[in-house]
Amino acid sequence: MKNWGFKISKPRVLDFDTANLDAYNRLIEKVPSAHRCLMCGACTATCTANLHTTFNFRNCHLMFRRGQFEGLAEELDKCMLCGKCKLVCPRGVNTRAIIYNLRIVLSDLNYKKIEL
Amino acid sequence: MNTIKKHFWNEYQKEIANDNYYYERSCIRQSFFPGSETAFLKILRDELGKKIIDDQHQHTCTGIGYHSDIVQFDTTMTICARLFSLMSDNELKNFVPSCVTSFGVFTEVVETWNQFPEELEKTRKFLREATGREFKIPENIAHPSDIIYKYRKELKQKMKYQLVNHKTGKPLRVVEHTGCHYGKIFSHHAVGGAEFPQVLAGMIEEWGGEVIDYPERRHCCGFGFRQYLVMANRGYSVANTKKKFESMEEYKPDFVLTNCPGCTMFMDRWQYTIAEMEGKTYDDNGMGIPVLTYEELAGLLLGYNPWDLGLQVHQVQSESLLDKIGIAYDPADKFIGKSGKFIGIPEKPEILKVDYDG
């Protein structure tokens, strides 16, 4: 196989045949405020983990809402659960609880066994 | 077609001039598909008896630079104005740009002038100061595929072949792909608008073929200028092409028909790239799906020599298609140029199969 200096980009379109949209309902049962998130990214802007790693709460939340779980558990592991994001959220979303419960839901779905 | 359908379909038609055209060549087509523009001029002059001027003083429309954000719109308008002045020199009013992106640029420029007359005056001033020239806005701008579409029935009368498998008698299954800049910028300038582009489908159906309606039919080919011109972005370009081919694969098309230089180029050449990167081809034999321009198709069906039309310089070779239609060709002449000299044989790809030994 030749190296062309670029690779074929994977599609970013939501595939409804493979997306698991039910998992988001489980999150909403635990953290009803997740519904209020408008993906503004204030959480990510203030995140200490984001300064030192690739962790991006807004992106993790969005991917989970879309039922795209690949690599998500590894990303969530980078969060220290400090809760600064919760303090800056303009919609009062309990972001810290979202991360905590996302880990549980993904663990239940066997995406990764996480020590909680 | 019933009356109501006819009434609504009229809204999707455009005016295409009957005769006396000024032809503006594409920057890239003569290198990628060297027989297409010559075939178009031959069809118009010899088959249809039309007057079309192929001016030696013409130049780029700036389309590639404009859509890559390196040429300003003021410059583009002035350069287009110079082309219009060349048309005026020839006392013609009907402008025919060979390239779909040029077509998009010219329609955008004229639409801008119509909506913002001060821009027109500014362009007249720029052109006067730079060249001392004056120009008139064309009365009609039509893409060459519009003209072939308009005269598809007349051409059918002269055709030696049809889009039918001559062994089975079944219509060939064809994917049509119209360039984005043909109907997605100003839909009222496209036959069928942006929703139902009929320009290529009309030719295919008239000439005996069957149009495949596949899920990603209206998706971009992937050229997109910015996506391709920067190497780091080419993954997005090829991803678009891959998406289209994955979508059309199960319908087993006999070939792809396009009306845009970029689409023909990328849907043809990316098949080689995808094969080399992922070992995947989208036909049963590993030879790829041939991609033709509408001029090449019209020329083939009219009985022109496939090698005069330049089919040998396509990445995906077309012999399988010629055999299906029953078109006679001489394999020995494939790499003999118009001058009678041997033009060389391209290197053989590792994955994509070709029927020559390079």
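Residues numbered from 1 in each chain as written. Chains lettered and ligands numbered in written order. Predicted model: local features only at pLDDT ≥ 70, side-chain atom pairs only at ≥ 80, totals over all residues.

Enquirer: Explanation requested: the overall build of chain A in the structure shown.
Expert: From N to C terminus, chain A includes seven helices and zero strands. Starting at the N terminus and walking to the C terminus, you meet the elements of chain A as α-α-α-α-α-α-α. Taken along the three principal axes of its C-alpha coordinates, chain A extends 50 × 30 × 30 Å. Out of the 116 residues belonging to chain A, those deemed buried represent 20%. Residue pairs in contact within chain A that sit at least 24 positions apart in sequence constitute 63% of those at least 6 positions apart. (Helix = DSSP H or I, 4+ residues; strand = E, 2+ residues; numbered from the N terminus. Buried ≥ 20, exposed ≤ 12 C-beta atoms within 10 Å, placed from the backbone. Contact = placed C-beta atoms within 7 Å.)

Enquirer: Help me out: how do you make sense of the overall build of chain B in this one?
Expert: When its secondary structure is counted, chain B shows 16 helices and eight strands. Within chain B, buried positions represent 45% of all 358 residues. Across chain B, every contact between residues at least 6 apart in sequence was considered, and the portion connecting residues at least 24 apart equals 76%.

Enquirer: What should I look at first to understand the nonpolar core in this one?
Expert: Most often, soluble globular proteins have nonpolar side chains that are buried together. Counting residues in each nonpolar core, the largest one holds 90 residues, and the members touching the most others are Cys80, Phe106, Ile204, Phe255 and Leu257 of chain B. When residues are assigned to domains, this core turns out to be shared by domain 1 (16-143) and domain 2 (145-333) of chain B, each giving three or more. Membership of the second largest hydrophobic core comes to 18 residues, among which are Ala73, Cys89, Val93 and Leu102 of chain A. (Core = buried A, V, L, I, M, F, W, Y, C linked by C-beta atoms within 7 Å. Domains from an automatic or database assignment.)

Enquirer: For this particular structure, what's the right way to read the interface of chain A and chain B?
Expert: Listed as interface residues are nine residues of chain A and, on the opposing side, 12 residues of chain B. Across the side of chain A that touches chain B, the residue classes tally to five nonpolar, two polar and two charged. (Nonpolar A, V, L, I, M, F, W, Y, C, P; charged D, E, K, R; others polar.)

Enquirer: It is not clear to me how the pairing of strand 5 (residues 173-177) of chain B should be interpreted in this structure. Could you clarify?
Expert: For a regular strand, the rule is simple: side chains alternate between the two faces of the sheet. Residues and elements named next belong to chain B. With four of five residues buried, strand 5 is to be regarded as a mostly interior element. Examined bridge by bridge, strand 5 and strand 7 (residues 255-258) share four bridges and lie parallel to one another. If you follow His177 over to strand 7, its bridge partner there is Thr258. (Pairing = 2+ DSSP bridges.)

Enquirer: Explain the pairing of strand 7 of chain B to me, please; I cannot follow it from the model alone.
Expert: Residue and element names in this part refer to chain B. Where burial is concerned, the two faces of strand 7 agree: the one with Phe255 and Leu257 and the one with Val256 and Thr258 are both buried. Strand direction decides the pairing type here: strand 7 and strand 8 (residues 291-293), joined by three bridges, are parallel. By the bridge assignment for strand 8, Leu257 is matched with Leu292. Handedness of the β-α-β unit built from strand 7, helix 14 (residues 261-278) and strand 8 comes out right-handed. (Right-handed = clockwise from strand over helix to strand, strands pointing away.)

Enquirer: Even after reading the chapter, I still don't get the sheet that holds strand 5 of chain B, so can you show me in this structure?
Expert: Two orientations exist for strands paired in a sheet by backbone hydrogen bonds: parallel and antiparallel. Here four strands make up an open sheet; going across it, the order is 6-5-7-8 (chain B) and the pairing parallel. Every other strand in the sheet has two partners, leaving strand 6 (210-211) and strand 8 of chain B as the edge strands with one partner each.

Enquirer: How should the domain arrangement of chain B be read in this particular structure?
Expert: Residue and element names in this part refer to chain B. Segmentation of chain B into domains returns domain 1 (16-143) and domain 2 (145-333). For domain 1 versus domain 2, the separation of C-alpha centres amounts to 25 Å. In this assembly, 28 residues from domain 1 lie in contact with 34 residues from domain 2. Sorting the residues of the side of domain 1 that touches domain 2 by element identifies helix 2 (29-32), helix 3 (36-47), helix 4 (63-67) and helix 6 (100-115) as the ones contributing at least two each. For the side of domain 1 that touches domain 2, the element with the highest residue contribution is helix 6, accounting for seven residues.

Enquirer: Would you mind going over the packing of helix 5 (residues 73-89) of chain B against helix 6 of chain B with me for this structure?
Expert: Residue and element names in this part refer to chain B. For the pair helix 5 and helix 6, the least separation of the axes is 10 Å and the interaxial angle reads 100°. Here helix 6 runs roughly perpendicular to helix 5, going by the angle between their axes. Residues Thr76, Met77 and Cys80 of helix 5 pack against Val105, Phe106 and Val109 of helix 6. Taken together, the residues of the contact of helix 5 with helix 6 sort by class into five nonpolar, one polar and no charged. (Axes fitted to C-alpha atoms, helices over the stretch in contact; angles between N-to-C directions. Parallel < 35°, antiparallel > 145°, perpendicular 65-115°, else oblique.)

Enquirer: What's the story with the environment of Lys122 of chain B in this structure? I'm lost.
Expert: Residues and elements named next belong to chain B. By secondary structure assignment, the location of Lys122 is in helix 7 (residues 117-131). Overall, Lys122 belongs to the partly exposed group, with 15 C-beta atoms counted inside 10 Å. The spatial distance from the C-alpha of Lys122 to the C-alpha of Ser145 is 32 Å, given a sequence separation of 23 residues.

Enquirer: What is the right way to look at the sheet that holds strand 4 (residues 140-141) of chain B in this model?
Expert: All names here are of chain B. Here we have four strands laid out as an open sheet, ordered 2-1-3-4, and parallel in their pairing. Since the sheet does not close on itself, it has two edges, and those belong to strand 2 (52-54) and strand 4, each with one partner. Direction of pairing for strand 1 (residues 21-24) relative to strand 2: parallel, over a ladder of three bridges. Residue Tyr22 lies in a different strand from strand 2, and its bridge partner there is Ile53.

Enquirer: What's the story with the packing of helix 13 (residues 234-249) of chain B against helix 14 of chain B in this structure? I'm lost.
Expert: Geometry of a packed helix pair, given as the angle between the helix axes and the separation of the axes. Residues and elements named next belong to chain B. Contact geometry of helix 13 with helix 14 gives a least axis separation of 10 Å together with a crossing angle of 100°. Considering their axes alone, helix 13 and helix 14 lie roughly perpendicular with respect to each other. Judged by residue contacts, Ser237, Val238, Thr241 and Lys242 of helix 13 engage Phe266, Met267, Trp270, Thr273 and Ile274 from helix 14. For the contact of helix 13 with helix 14, the per-class residue count stands at five nonpolar, three polar and one charged.

Enquirer: Where do I start with helix 6 of chain B in this structure?
Expert: Here helix 6 of chain B is 16 residues long and its end C-alpha atoms lie 22 Å apart, about the 22 Å a rise of 1.5 Å per residue gives. Within the span of helix 6 of chain B, buried status applies to Val100, Thr101, Ser102, Phe103, Gly104, Val105, Phe106, Thr107, Glu108, Val109, Val110 and Trp113 of chain B. (Expected span 1.5 Å × (residues − 1).)

Enquirer: What should I look at first to understand the environment of Val199 of chain B in this one?
Expert: All names here are of chain B. Assignment of secondary structure puts Val199 in helix 11 (residues 199-206). The class for Val199 is buried, based on 24 C-beta atoms found within 10 Å. C-alpha of Val199 to C-alpha of Tyr236: the two residues are 37 residues apart in sequence and 28 Å apart in space. The residues contacting Val199, other than those within four sequence positions of it, are Ser145, Asp146, Tyr149, Thr178, Ala190, Val191, Gly192 and Asn259.

Enquirer: Whenever I open this one, unusual backbone geometry confuses me. Can you help?
Expert: One can expect most non-glycine residues to show negative phi and most peptide bonds to be in trans. Although it is not a glycine, Glu91 of chain B sits at a positive phi angle of roughly 55°. Structurally, Glu91 of chain B can be placed in the loop between helix 5 and strand 3 (94-97).

Enquirer: Can you help me understand the confidence of the model for chain B in this one?
Expert: Detailed reading of the predicted coordinates is not advisable wherever pLDDT falls low. Of the residues in chain B, 99% have a pLDDT of 70 or more, and the chain-wide mean is 94. Across the whole predicted complex the pTM is 0.84, and at the interface the ipTM reaches 0.74. (pLDDT = per-residue confidence, 0-100.)

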